[in-house]
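A structural walkthrough
Below, each chain spelled out in residue letters.
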Amino acid sequence: MAGMVVIYKQPADAEAFDRHYFETHIPLAKKIPGLRKYEVSRGPITVLAGPQDVYLVGTLHFDDIEGMKKGFASPEGKAAGADRRLYAPDESGVQIFIFDSMEV
């Protein structure tokens, strides 16, 4: 399985962020070919180390890295990537991690 974790920092306007993220971005992202599961954090996030400014965590699951790459190269993936830049326009408000995972 492959994953993408997207960590969003506290937005200036949380209500506008939530409205766009849940009403526009998630429906776009759920159309990405190969996406198996999309999870988001719920409620306050406790940070044990590092900055305390995390607002929301999204986790996307794919079968493997190649499938993820193909999904994001598709028109649907490109649309979701372009949309992310509307509500988190630069890397100061978001961190994105991509990885293969294994069950242990």
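Residues numbered from 1 in each chain as written. Predicted model: local features only at pLDDT ≥ 70, side-chain atom pairs only at ≥ 80, totals over all residues. Heavy atoms only, no water.

Quick look at the confidence of the model for the protein
Low-pLDDT stretches of the model should not have their predicted coordinates read in fine detail. Across the protein, the average pLDDT comes to 94, with 100% of residues at 70 or higher. Per-element averaging of pLDDT across the protein places helix α3 (residues 75–87) at the bottom with 94 and strand β2 (residues 37–40) at the top with 98. (pLDDT = per-residue confidence, 0-100. Helix = DSSP H or I, 4+ residues; strand = E, 2+ residues; numbered from the N terminus.)

A look at the sheet that holds strand β1 (residues 2–9)
The antiparallel open sheet is built from 4 strands, whose spatial order is β2-β3-β1-β4. Of all strands in the sheet, those bounded by a partner on one side alone are β2 and β4 (94–100). Recorded for the sheet is a direction-independent mean angle of 15° between the axes of neighbouring strands. Here β2 runs beside strand β3 (residues 54–62); their pairing, made up of 4 bridges, is antiparallel. Opposite Glu39, over in β3, you have Thr59 as the bridge partner. In the packing of helix α1 (residues 14–29) onto the sheet, contacts are made with β1, β2 and β3, and the angle to β2 comes to roughly 170°. (Pairing = 2+ DSSP bridges. Axes fitted to C-alpha atoms, helices over the stretch in contact; angles between N-to-C directions. Contact = heavy atoms within 4.5 Å.)

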